[in-house]
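Secondary and tertiary structure notes
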Amino acid sequence: MEPVLKVENLTKVYQRGTPGKGGTAVNAVRGLSFALMPGECLGIIGESGSGKSTVAKMITRLTDVTEGTILLDGEDITRRRGSRMRDVYQKLQMVFQMPVESFDPRQTLGSGIGESLRNRGMGRKAAGEEVKKLLLMCGLTEEFAGKYPHEVSGGQCQRAAIARAIAVRPKVLICDEATSALDVTVQKEIIQLLNDLRRKQGDGLSILFISHDIALVQQFCDRVLVMYHGEVVEQGNPDEVIAHPQDPYTKRLIESIL
Amino acid sequence: MGEILRYDHVDISYNGKTVVRDISFSLEEGQILGIVGESGSGKSTLIRAAMGLLGPTGLVTRGDILYKGKTVVDISANERRRINGEEIAMVFQNAGSSFCPIRKVGDQLYESVKEHKRITREAFYSEAEELLGRLGFEDSRRILDSYPFELSGGMQQRVGIAAAMLLRPDLMLADEPTSALDVSVQKQAVEEMLLVRRQLGTAIVIVTHNIGVVGAMADQVLVMAHGECAEYGKTDQVLHHPREAYTKVLMDSVPRLRTG
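Let me begin by describing the structure that accompanies this report. (Residues numbered from 1 in each chain as written. Chains lettered and ligands numbered in written order. Predicted model: local features only at pLDDT ≥ 70, side-chain atom pairs only at ≥ 80, totals over all residues. Heavy atoms only, no water.)

1. Considerations on the overall build of chain B
Going by this rule: Secondary structure elements are taken from DSSP: a helix is a run of H or I of four residues or more, a strand is a run of E of two residues or more, and numbering for both begins at the N terminus. It is over C-alpha atoms that the radius of gyration is taken, and the globule rule equals 2.2 Å times the number of residues to the power 0.38. Think of it in three bands: with a 1.4 Å probe and only protein chains considered, a residue is buried below 20% of the maximum accessible area for its type, exposed above 50%, and partly exposed in between. Residues count as neighbours in contact if any of their non-hydrogen atoms are within 4.5 Å of one another.
Counting its secondary structure elements, chain B contains 10 helices and 10 strands. Its C-alpha atoms give chain B a radius of gyration of 18 Å, near enough to 18 Å, the size a compact globule of 260 residues would have. Along the first, second and third principal axes, the C-alpha atoms of chain B reach 55 × 55 × 35 Å. A buried classification covers 52% of the 260 residues belonging to chain B. Sequence separation of at least 24 residues holds for 67% of the intrachain contacts in chain B that already meet a minimum separation of 6.

2. Quick look at the interface of chain A and chain B
Using the following cut-off: In this description, buried area is defined as the sum, over both parts, of the accessible area (probe of 1.4 Å) that is lost when the two are combined. By definition here, a salt bridge exists when the distance from a side-chain nitrogen of Lys or Arg to a carboxyl oxygen of Asp or Glu is within 4 Å. The term polar contact refers here to a pair of N or O atoms within 3.5 Å; inside protein, the definition further demands a hydrogen-donor-capable atom paired with an acceptor-capable atom, and it admits residues adjacent in sequence only when both atoms are side-chain atoms. When residues are grouped by polarity, Ala, Val, Leu, Ile, Met, Phe, Trp, Tyr, Cys and Pro land in nonpolar, Asp, Glu, Lys and Arg in charged, and all others, Gly among them, in polar.
Taken together, the contact between chain A and chain B spans 22 residues of the former and 22 residues of the latter. In total, chain A and chain B occlude about 2000 Å² of area from one another, counting both sides; carbon and sulfur atoms represent 57% of this. Counting the surface chain A buries against chain B, the share from its top three residues, Asp183(A), Val184(A) and Leu258(A), is 29%. Joining chain A to chain B, the criterion identifies 2 salt bridges. For Asp239(A), the salt bridge is made with Arg258(B), and the minimal N-O distance between the two is 3.2 Å. The interface formed by chain A and chain B includes 9 residue pairs in polar contact (both at pLDDT 80 or more). Breaking the side of chain A that touches chain B down by element, the ones donating at least two residues are helix H6 (184-201), helix H7 (214-220), helix H8 (238-243) and helix H9 (248-255) of chain A. Here the side of chain A that touches chain B takes 5 residues from H7(A), the largest share from any one element. For the side of chain A that touches chain B, the per-class residue count stands at 10 nonpolar, 6 polar and 6 charged.

3. A short note on the side chain of Asp183(A)
Applicable threshold: Under the convention used here, Asp and Glu are negative, Lys and Arg are positive, and both His and the chain ends fall outside the count.
Looking at where Asp183(A) falls in the secondary structure, it is placed in the loop between strand E7 (172-176) and H6. Buried charge without a salt bridge: Asp183(A), with Lys43(B) as the nearest opposite-charge side chain at an N-O distance of 6.1 Å. Within the local environment of Asp183(A), its side chain forms a polar contact with the side chain of Ser39(B), the two groups lying 2.7 Å apart. Leave out the neighbours within four places in its chain, and Asp183(A) touches Glu38(B) and Ser39(B).

4. What to know about helix H2 (residues 77-86) of chain B
Residues and elements named next belong to chain B. Condition: The reported arc concerns the directions from the helix axis to the C-beta atoms and nothing else.
Listed in full, the buried residues belonging to H2 are Arg 80, Ile 83 and Asn 84. Projected down its long axis, H2 carries its buried residues within an arc of 100°, all on one side. Pointing more than 90 degrees away from the buried face of H2 are the exposed residues Asn 78 and Arg 81. Summarising the contacts, the buried residues of H2 are in contact with helix H1 (43-51) and strand E6 (88-91).

5. Quick notes on the sheet that holds strand E5 (residues 70-71) of chain B
Residue and element names in this part refer to chain B. Heads up, the condition is: At least two DSSP bridges between two strands are required for those strands to pair.
The sheet built from 4 strands is open, its strands ordered E2-E1-E4-E5 with antiparallel pairing. Every other strand in the sheet has two partners, leaving strand E2 (17-28) and E5 as the edge strands with one partner each. Taken together, the 2 bridges between strand E4 (residues 58-67) and E5 define a ladder with antiparallel strand orientation. Paired with Tyr 67 across the two strands is Lys 70, which belongs to E5.

6. Points about the packing of aromatic side chains
So the rule is basically this: Within 6.5 Å between ring centres, the rings of Phe, Tyr and Trp (the latter by its six-membered ring) count as paired, and their orientation is classed by plane angle as stacked under 30 degrees, edge-to-face over 60, tilted in between. Ring-over charges, as used throughout, are those where CZ of Arg or NZ of Lys falls within 6 Å of the ring centre and within 35 degrees of the ring normal.
Summed over the entire model, instances satisfying the criterion amount to 6 aromatic pairs over all chains. Ring geometry for Tyr7(B) against Phe25(B): centres 4.5 Å apart, planes inclined by 20°, an arrangement best described as stacked. Taken together, the residues span a long stretch of sequence, with Tyr7(B) in strand E1 (residues 3-14) and Phe25(B) in strand E2 at a distance of 18 residues. Phe25(B) shares its class with Tyr7(B); the two are buried. A connected cluster of aromatic rings, assembled from ring pairs, spans Tyr110(B), Phe124(B) and Tyr125(B). Cation over ring: Arg164(A) sits above Phe103(A), and NZ or CZ is 4.1 Å from the ring centre. Above the ring of Phe137(B), the side-chain terminus of Arg158(B) is found at 4.2 Å from the ring centroid.

7. Comments concerning the side chain of Thr108(A)
Residues and elements named next belong to chain A. Within the secondary structure layout, Thr 108 lies in the loop between strand E6 (92-95) and helix H3 (109-119). Within the structure, Thr 108 has its side chain in polar contact with the backbone oxygen of Ala 145 (distance 3.3 Å). When residues no more than four places from it in sequence are discounted, the contact partners of Thr 108 are Ala 145, Gly 146, Lys 147 and Tyr 148.

8. Comments concerning unusual backbone geometry
Residue and element names in this part refer to chain A. Here Arg 61, not a glycine, exhibits a phi torsion of approximately 65°, which is positive. As for its placement among the helices and strands, Arg 61 is situated in the loop between helix H1 (52-59) and strand E4 (67-72). Phi at Glu 177 is positive, roughly 50°, even though this residue is not glycine. Note on Glu 177: relative accessible area 8%, which makes it buried.

Following this line, the structure appears as structure tokens:
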């Protein structure tokens, strides 16, 4: 099987000011490589500043890649921009940490969820019907289509964000701290929803799950990468990595769990 | 052992709307109470009442809050200024950011201590050095002579916790003191609070949504749900053998690391 997403030697340098004139450079991600297989759920864990969100931003092309390549379904999307990103977002979607902020406050949830469908030429009415199906699939009711982001709870809004992400039937879902702002009981519900979607879609849906919560990653992911200072220091089966950490940083991380 | 803090059937309301209902607990010298709950459960409101930080619209509408037998609900602003810091220490989510960035840590702490007692700079520095030493800091003089940004995030939070003890209050109220921290740093902050209790016998109330933190440090736990007490008891009983349905659901939702 070919990987659905493959990154090679991915590197990001954030430049502050002018180089050579007192400017500084931060090497946020250093030579990261991994392959995400169809149907796989890959976790990336690390503490603040380890570079895990920068990885998500590069893959979704929200920030430029300094070095390296990103292959989505075999296609090089490393320098893809503008209108040609539409094909990328057909296959790749993202769920962010702050659900309420990820929606336009002046648009109803239904309108936000259906936008990508309408943009792809689906009629207003058909898109509306599809939105209702998506809401039900994500554990909400049809009435949520008419609500605004501020009228619903954080958990309900994250369900809507997942509905929006899966509307175009993407092959890859990137979740960047998608449950970190939620209460634990709500987090559990969202993880159950993601598990349901994985079961239904089988090899059709792969997930890159970025989190600081190693216990959550152990519950949810098939494989884990541990990032530290922009590099992968350890990877493998989560149970293995947690039971027998090889890298000193991973050991320290696991010992710190209360 | 003497009773330090007591909540007696406390109701708290904002703008006439009751947000905390009928909360009672008792904390003795050197004990640690963890208050847990999800967002909006009223846990922060609960301890902010004891700090006098409910704001102009918040009121304790029923019951009483007693610090060493004295009521702290209706005291004047002047008396409140004396009590906060001197008798009741407060620690917040990000102690590091409550320091002024352009002045040295020691100077800032001296200023706050001076508000409460007459003390020379030299006497303050030697007291502070001695206290930080007891609380596990190896080079306390260097910390006092540092600017806040020269300390790591974990060190800032530890200093914030230790600094709250300069006036030797018998009670520390901590509102989400570890929530903005990475897990490795979180552990340092928890260990610092445990050291405060061991060295100085301080009673601590910690409000957090992190069950792991409470499990690591509290003697007793109060679980809040929708402004009410869902369960109150010894830590081991509440976390590992919960009796109430809500607590069971909550504990069941916490991701736990499986080792081995």
